[in-house]
Structure formats: C-alpha cells, structure tokens
Amino acid sequence: MEAYILEQNGSTENLKKTTLPIPNLKTGEVLIKTKAIGINPIDIQVRNSKDILGMITQGNIPEKVILGWDIAGVVEQAADGVAGFKPGDEVYGLLNMPGLGNTYATYVAANASQLAHKPAGLDFPAAAATPMAALTAWQAVVTLGQIKKGQKVLIHAASGGVGHFAVQIAKYLGAYVIGTASAKNERFVKDLGVDEFIDYTIQSFEEQLQDVDVVIDTINSVEHVLRSISVLKTGGRLIYLQPHFQSAIEAQLQAAKVSGYGVFVNSAGDILAEITKLISEGTILPKVTQVFGFDQLPQAQHIVASGRAVGKVAVTMEEGLVMALTQDEINTLHAFYGVFSHRDYSVADQVLAPDWQDIPLAPGQQDGPEGYKALVQYFTKLFPDVTINVHEIFGTRERAGVRAEMSFTHSNEFMGIAPTNQKLTIAIHEFHHLKDGRLTKTWHLEDWLSMLLQTGAWPVKA
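Chemist: Quick rundown of the overall build of the protein? Include the residues and the values.
Modeler: Counting its secondary structure elements, the protein contains 15 helices and 21 strands. For the protein, the share of sequence-separated contacts (at least 6 apart) that also reach a separation of at least 24 residues comes to 67%. When the accessible area of the protein is evaluated, it comes to approximately 19900 Å², of which 48% is carbon and sulfur surface.

Chemist: How would you summarise the pairing of strand β9 (residues 176–181) if you had to cite specific residues and measurements?
Modeler: Burial analysis of β9 places five of its six residues in the buried class, which makes it a mostly covered element. Relative to β9, strand β8 (residues 152–155) is paired through four bridges, and the arrangement is parallel. Counted as the bridge partner of L154 is I178 from β9. On the question of chirality, the crossover connecting β8 to the parallel β9 by way of helix α5 (residues 161–172) is right-handed.

Chemist: Run through the packing of helix α4 (residues 131–144) against α5, naming residues and quoting values.
Modeler: In the contact formed by α4 and α5, the axes pass within 8 Å of each other and the chain directions differ by 50°. In terms of their interaxial angle, α4 and α5 are classed as oblique. The handedness of the crossing between α4 and α5 is right-handed. Two secondary-structure elements touch here, α4 through A133, A134, T136, A137, W138, V141 and V142 and α5 through G161, V162, F165, A166, I169 and A170. Among the residues making up the contact of α4 with α5, the classes are represented as eleven nonpolar, two polar and no charged.

Chemist: Lay out the nonpolar core in plain terms, naming residues and giving numbers.
Modeler: The biggest cluster of nonpolar side chains holds 98 residues, and the ones touching the most others in it are V30, I39, W69 and L297. A per-element tally of this core places α4 first, with nine residues. In this structure, L154, I229, I249 and V258 belong to the second largest nonpolar core, which totals 17 residues.

Chemist: How would you summarise helix α11 (residues 297–305) if you had to cite specific residues and measurements?
Modeler: Residues L297, P298, A300, Q301 and V304 constitute the buried set of α11. Seen along its axis, α11 keeps its buried residues to an arc of 155°; they face one direction. Where the residues of α11 are buried, they touch β1 (2–6), β2 (15–19), β3 (29–39), α1 (41–48), β14 (288–293) and β15 (312–316). A positive phi of about 75° marks G307, the residue just after α11.

Chemist: Summarise the packing of α4 against helix α10 (residues 269–280); cite the residues concerned and give the values.
Modeler: It is the contact of α4 with α10, at a shortest axis distance of 10 Å, that shows an interaxial angle of 95°. By the angle between their axes, α4 is roughly perpendicular relative to α10. Across the interface between the two elements, P131, A134, L135 and W138 of α4 pack against I271, L272, E274, I275 and L278 of α10. Taken together, the residues that form the contact of α4 with α10 break down as eight nonpolar, no polar and one charged.

Chemist: Please provide a residue-by-residue account of the pattern of salt bridges, values included.
Modeler: The tally for this structure, following the rule as stated, stands at ten salt bridges. A salt bridge links E2 to K17; the shortest N-O distance between them is 3.9 Å. Pair noted here: E2 is in strand β1 and K17 is in strand β2, with a separation of 15 residues, a long-range link. With a closest N to O distance of 2.3 Å, D295 and K17 form a salt bridge. Of the two residues, D295 sits in the loop between β14 and α11 while K17 sits in strand β2, which places them 278 residues apart along the sequence. Here the salt bridges share partners, and the residues they tie into one network are E2, K17 and D295.

Chemist: Residue-level account of the side chain of Q242, with values.
Modeler: As for its placement among the helices and strands, Q242 is situated in the loop between β12 (232–240) and α9 (246–256). In contact with Q242, not counting residues within four places along its chain, are Q45 and N220.

Chemist: Mind laying out the environment of V258, listing which residues take part and the relevant values?
Modeler: Among the secondary structure elements, V258 is positioned in the loop between α9 and β13 (259–262). The exposure class of V258 is buried, given its relative accessible area of 9%. When the C-alpha positions of V258 and T234 are compared, they lie 5.8 Å apart, and in sequence the two are 24 residues distant. Look past the residues within four positions of V258 in its chain and what remains in contact with it is I229, L232, K233, G235, G236 and L253.

Chemist: Can you explain α1? Please cite residues and give values.
Modeler: Taken together, the buried positions of α1 are occupied by I42, D43, I44, V46 and R47. Contacts from the buried residues of α1 go to β1, β2, β3, α2 (50–56), α4 and α11.

Chemist: Which residues make up the environment of T12, and what values go with them?
Modeler: Relative to the helices and strands, T12 resides in the loop between β1 and β2. As for T12 and I44, which are separated by 32 residues in sequence, their C-alpha atoms are 8.8 Å apart. Beyond its immediate stretch of four places on either side in the chain, T12 contacts R47, P298, Q301 and H302.

Chemist: Lay out the packing of aromatic side chains in plain terms, naming residues and giving numbers.
Modeler: In total, this model carries one aromatic pair according to the counting rule given. A centroid spacing of 5.1 Å and a plane angle of 75° characterise the contact between Y4 and F294, whose relative ring orientation is edge-to-face. Residue Y4 is found in strand β1, and its partner F294 is found in the loop between β14 and α11; the two are separated by 290 residues along the sequence. Residue Y4 is classed as buried on the basis of its relative accessible area of 3%.

What counts and how
- Residues numbered from 1 in each chain as written.
- Predicted model: local features only at pLDDT ≥ 70, side-chain atom pairs only at ≥ 80, totals over all residues.
- Heavy atoms only, no water.
- Helix = DSSP H or I, 4+ residues; strand = E, 2+ residues; numbered from the N terminus.
- Contact = heavy atoms within 4.5 Å.
- Areas by Shrake-Rupley, 256 points an atom, 1.4 Å probe, with all protein chains shown as cover.
- Buried < 20%, exposed > 50% of the residue type's maximum accessible area, 1.4 Å probe, protein only.
- Pairing = 2+ DSSP bridges.
- Right-handed = clockwise from strand over helix to strand, strands pointing away.
- Axes fitted to C-alpha atoms, helices over the stretch in contact; angles between N-to-C directions.
- Parallel < 35°, antiparallel > 145°, perpendicular 65-115°, else oblique.
- Left-handed = near helix turned anticlockwise from the far one by under 90°.
- Nonpolar A, V, L, I, M, F, W, Y, C, P; charged D, E, K, R; others polar.
- Core = buried A, V, L, I, M, F, W, Y, C linked by side-chain atoms within 4.5 Å.
- Arc of directions from axis to C-beta.
- Salt bridge = Lys/Arg side-chain N within 4 Å of Asp/Glu carboxyl O.
- Phe/Tyr/Trp six-rings, centres within 6.5 Å; stacked < 30°, edge-to-face > 60°.

No statement about biological role is implied by the geometric values presented.
In structure tokens:
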C-alpha cells in the first residue's frame, strides 16, 4: 500500500510518500480501503511538534509515524470479534484518538467500535471530513456545554471546521446562536442558521455581548479565551479546544464565577452513529470547500495550517485532483443548503434561478410529495438505466422538497460534461412546485463536487 510517513517533525517536506505492507488485523478490527481522508488542525500540530506527537502517543512513538485520523472508505476484511460491519460496507470514523490513526494510507486497519456506516447522502470526501470536527463539536455543545433550548450561545470561528458543526448542533438543540467570523464568510455562517452574526474584524464581541450562557471558543489563543470569559453570565460555561490552557485561565474563571472545560476529542463510534442520524435527516450538513488528490496531501495540510479554510478540507484517493471552490461558488452552494435545511421555499429563487418552469408531468400526476413519488416512478420507467434512491420527501400539496441519490451510466452529456460511459452516482437536492399536473418551477442544487470527483471535469451551468 501507499502511505505518507513523517520522517521527523517539521515542515510538510518531512511527509514522505512510500510503500508499506498492508496492515494485519487484530481481533475486532476491519481493513478499510481508503476512499477519502479528512485533514484537521491536529494533523499539522502533531507534524510540527515532537512534544505534541509524544503527548498524543503517550510517549509510545512508533518507528514509522503515519498521521491522519479521519477516514471514509470501504470495508475489505473483517477480523474475528467484529459485529455490524462486513466486506463491502461503506464506513467512516475518527480512528484511535488519542494515539495515531494512520489514515494517510491507501489501506487502514480500524477498530470497528470507532466506525459508523457512511450516510448514504454523503460522498466519501464529505464523510471523511466529518468525524473529528463533528465529534469535537458534539463534545463541546452536548457533553460539556450542556446547551439547552433558549440558551444564548456564542460560537467563535463559526465558519471553521468545528465551528460550523457546533452552530448546526446548537441550533438543533434550540439555542439562540451568535457566530463570529470575518465579513467574507457572513453569508456562509448565516446560512448555517445563526441568529446573530459578528464580524470580528470590525467589532469586539465583548463590547456587543453580555450574559451569554455558553461560549464555545475554537481560537488557539489564551488572550482570546480570556476575552470570552468576560461575556459569560455568572454560572455560565466556557468550552475551549485547547485543554492545556486550563492553568492560564483558571484564576479568571474563578473570579468571574463561571465554569471552564477543555475539549479533547476521543474516538467514539456510538456518538458518530448519533451524528449520522442527524446527517441523514438533513439536520447537519458537512461543508467541504476544498478537495485534494492523494498526491497533493501536503498542499491540503498547508490550506488547513493557514487557519483560513472555510468549512472542511478533504483528500480523495483520486489521482492528481485538486479542487477549490471560489468564494461566490461557496456562498451559492451553502445558501441553497441553508434554504433546503430550513424548508424555506419562499426564498429559493433568491439563491438560484429555477432550472425548469411549466413542464407537463405524467398523465394523472398528483401534486406535492405524493406527486413527486409518482414522478420518480414514471421517470425510471422512461429511463430504465437510472436508479433513484429517495432518502426524504417533504412539503405541502403544491410544494415538495427531495433528498435522493441518482445512479446512471454517463453515456450522454450531463451537466455540461462529455460522456465518460462510466457508472455515476450523484446526490439530489431539489425543490419542486407542482400544480394541476405540471411542474410550475423546479430548483436543483447541482452536485458539482461529486461530478468532479467521478469524472475529473467541472460541471458547466447552462
């Protein structure tokens, strides 16, 4: 197998791609053929610092260090003692944290207890980008933050990897959420569902806020965390992502009469399964804005190390592929996801122009969600090669939304991409207005990322 080993701590030049034996399995483990890898700040911290490498391995540094903790892939083998997973299953997980996850490799041995089945609606890069950030956000919001309905919650760096998950989970719990980010990410953050946005480049949050119940501070700065303490109400809770800050902030916590908790995320397949349910329901959506090929993994680390990545960065095992959305494309995609997750049909045309208008449907076509189900059946009869797996249909008599997967052979031009004659699977996010046997309007969110990963070409909008 191919893998990146860390020859010594330091720059990305010390990440060397090499050939190693496929790992042998222990009881309770599965062998995963890697499809995608998530890149996280801890990857860079461990690469840079021998002290952090020693801490995370508890001093047991192996001869060959393979970084990486997030993975999505397909089970190739299952050892004795494995329940719930079999060869062919699509899985994802945060591996062996604390410890070394060894996911920067084309094959990875993983304890089955740390895995969950990949949500059907996520492609492999989106799935791989999810576990560490989502589990960290879960621990910050649910386990330590103990956020409840109606509480006022401040989330710093709301456009970041952990922050964008934390916003969505806190909103799911019914909190009033305030998010900080720079102005260029305002739309992104608002589309996550924040109730209030603060541009940290022009506003001091402590001058704007007081009596906050919970602050989730994802910034790697003791000074910033101390500023967060000042906006908490008596008895409030501060959650920060750098546990080693505790001694530096303890006196201020006591003086302000608030509690402080540092997050150190652990591998947990059972909690990831809970997160999977929320993803499958559309309550949480990972936002992947950059995907790199395996050969470009060091470049992916550079992007995360910059601290300016929006959402998440992933690596796919596709050779030589580098993708980065423009800011306008990021805004458009995530504005539509925001419309979709909030079921707000009324503003769909403010984000995207309708793709279709006034199209006759099948004879006797019904309106609303039932009409869409009938439309799927009619469509698949007309095109026997097309398979549509519907995950969710919702709406009213005249309006329907759908999340689904469509599989087909790419034998004709599709989304502006010349035929490849290969089997493709894309996610479907659509709004439909149906009335009197006609599609009066339809909006599609094109699955640009999935098409790019499968064909190597950008879709072209009409």
